[in-house]
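Structural overview
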Amino acid sequence: MSPTRTGAALALAAIVCVQLGLAASTGLFDELGPSGAAWLRLAWAGVILLAVARPRPSAFTRRALLACVALGVVSAGMTLTFMTAVARLPLGTAVAIEFLGPLGVAVARGRARLWPVLAALGVVLLTEPWHGGTDLVGIGCALAAAGCWAGYILLTQRVGDEVGGLRGLAVSMPVAALVSTAVVLPTSVFGNLTWPIVGVGFLLAVLLPVVPYTLEFLALRRLTTAAFGTLMALEPAAGLLVGWIFLHQTPGAAGIAGVAFVVAAGVGAERTGARHASALPEPSPA
């Protein structure tokens, strides 16, 4: 298999892991709530990456360390707000709205202005405000996650330029775990923990973000920025499909059309706003 095909397969596998991890995380909502499920996943991911990468503070410059910490804070915000959105919105809708973050970054890099209009039309079709009863809190959380994802992209690129391998993530993820702990602590989630739930949290952390990040890291060594970004634009469609199959969230015609518009906008924006090949493209979150 050629490097390009291998890279594409790895990127697509990462997308599937992300969406399956999100869908599986909803199973913890009844016991821990959205914030608690997000915290458990982040906590385990921080422990796993610390054990695997074992970063040494002496290996980081002050600028790199600060970037890693900032990335951890943004990652926590992204995960917490998005899990709240998933609890209130269909998975495909939440993913499509959150995708406005990387789409905005790609548009800012490029020159075309058609893509934001196409994406906005897609979000309108997804939320169907003309029906009334739109969950404004869910949409607001998804938009907040989109803003965090945009910051995540910029900070990930900065960390990637400063730190090699998994070391940057091995610092940022424990920071994200600490931030989420500070947010979740007042909600008394810890009293609902059982050993089976802790074990499920470990498996979810492996599924998202540990395995997807590794797959993306390998994919990025084989693909150009434009190719990788175009594949990542399939995230909303994958979210719609996983939500339909595993969460029984049957999409309507408007929802399918909305996701198609967002995907098309993402593909177009990535093709016109790719980063130079000398710089690392961004991995997707979770």
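First things first, this report covers the structure right here in the doc. Predicted model only: the values in this text are computed from it and were never measured.

Focus: the environment of Leu 100
Of note, Leu 100 is situated in helix H5 (residues 100-109). Distance in space between the C-alpha atoms of Leu 100 and Pro 116 is 8.5 Å, their sequence separation being 16 residues. Contacts of Leu 100, omitting those with residues within four sequence positions, involve Ala 119, Val 123, Leu 143 and Ala 146.

What to know about the packing of aromatic side chains
Taken as a whole, this structure holds three aromatic pairs when the rule is applied. Ring geometry for Trp 39 and Phe 190: centres 4.7 Å apart, planes at 85°, overall edge-to-face. One end of the pair, Trp 39, is in helix H2 (residues 29-53); the other, Phe 190, is in the loop between helix H8 (167-184) and helix H9 (195-220), with 151 residues separating them in the sequence. Centroid distance Phe 99 to Trp 149: 6.1 Å. Interplanar angle 70°. Geometry classified as edge-to-face.

Notes on the nonpolar core
Leu 22, Phe 82, Leu 91 and Leu 103 are the most contacted members of the largest nonpolar core, which totals 63 residues. The greatest single-element share of this core, amounting to eleven residues, is contributed by helix H3 (residues 62-88). When near neighbours in sequence (up to four residues on either side) are disregarded, Leu 22 contacts Arg 41, Phe 82, Met 83, Leu 91 and Leu 208. Residues Ala 14, Ile 15, Leu 220 and Met 232 belong to the second largest nonpolar core, which totals 13 residues.

Considerations on the side chain of Ser 180
Assignment of secondary structure puts Ser 180 in helix H8. Other than its neighbours up to four places away in sequence, Ser 180 contacts Trp 39, Leu 42, Ala 76 and Leu 80.

Here we look at helix H7 (residues 136-162)
With 27 residues, H7 extends 39 Å between its outermost C-alpha atoms, agreeing within 8% with the 39 Å of an ideal straight helix rising 1.5 Å per residue. Sitting at the amino-terminal end of H7 is Asp 135, which places a side-chain oxygen 3.2 Å from the backbone nitrogen of Val 137.

Remarks on unusual backbone geometry
Cis geometry is adopted by the peptide bond preceding Pro 209, which originates at Leu 208 and carries an omega value of 20°. Take Pro 209: it is sitting in helix H9. Residues other than glycine seldom take positive phi values, yet Arg 54 does so here, at roughly 45°. On the secondary structure map, Arg 54 appears in the loop between H2 and H3. In this structure, His 248 takes a positive phi of about 60° despite not being glycine. By secondary structure assignment, the location of His 248 is in the loop between helix H11 (235-246) and helix H12 (253-272). His 248 sits in the exposed class, given a relative accessible area of 65%.

Analysis parameters
- Each chain has its residues counted from 1, running along the sequence as written.
- The model is predicted, so local features are restricted to residues of pLDDT at least 70 and side-chain atom pairs to those at 80 or more, both for listing and for counting; the totals for chains, interfaces and linings are taken over all residues.
- Derived side-chain values reflect all non-hydrogen atoms in the structure, with water molecules and hydrogen atoms excluded from consideration.
- Under the DSSP-based scheme used, a helix requires at least four consecutive residues in state H or I and a strand at least two consecutive residues in state E, with every element numbered from the N terminus.
- Residues are treated as being in contact if the distance between any of their heavy atoms lies within 4.5 Å.
- Two rings from Phe, Tyr or Trp (for Trp, the six-membered ring) form a pair when their centres are within 6.5 Å of each other. A pair whose planes differ by under 30 degrees is stacked, one over 60 is edge-to-face, and the rest are tilted.
- Nonpolar cores were defined as sets of buried Ala, Val, Leu, Ile, Met, Phe, Trp, Tyr and Cys residues, with membership established by side-chain atoms within 4.5 Å.
- Throughout, exposure labels follow a simple rule: accessible area from a 1.4 Å probe, protein chains only, divided by the maximum for the residue type, with under 20% read as buried, over 50% as exposed, and the rest as partly exposed.
- Given a helix with a known number of residues, its expected span is that number minus one, times 1.5 Å.
- Within 3.5 Å is the distance limit for a polar contact, defined as a pair of N or O atoms, with the added protein rule that one can donate a hydrogen and the other accept it, and that residues adjacent in sequence qualify only through two side-chain atoms.

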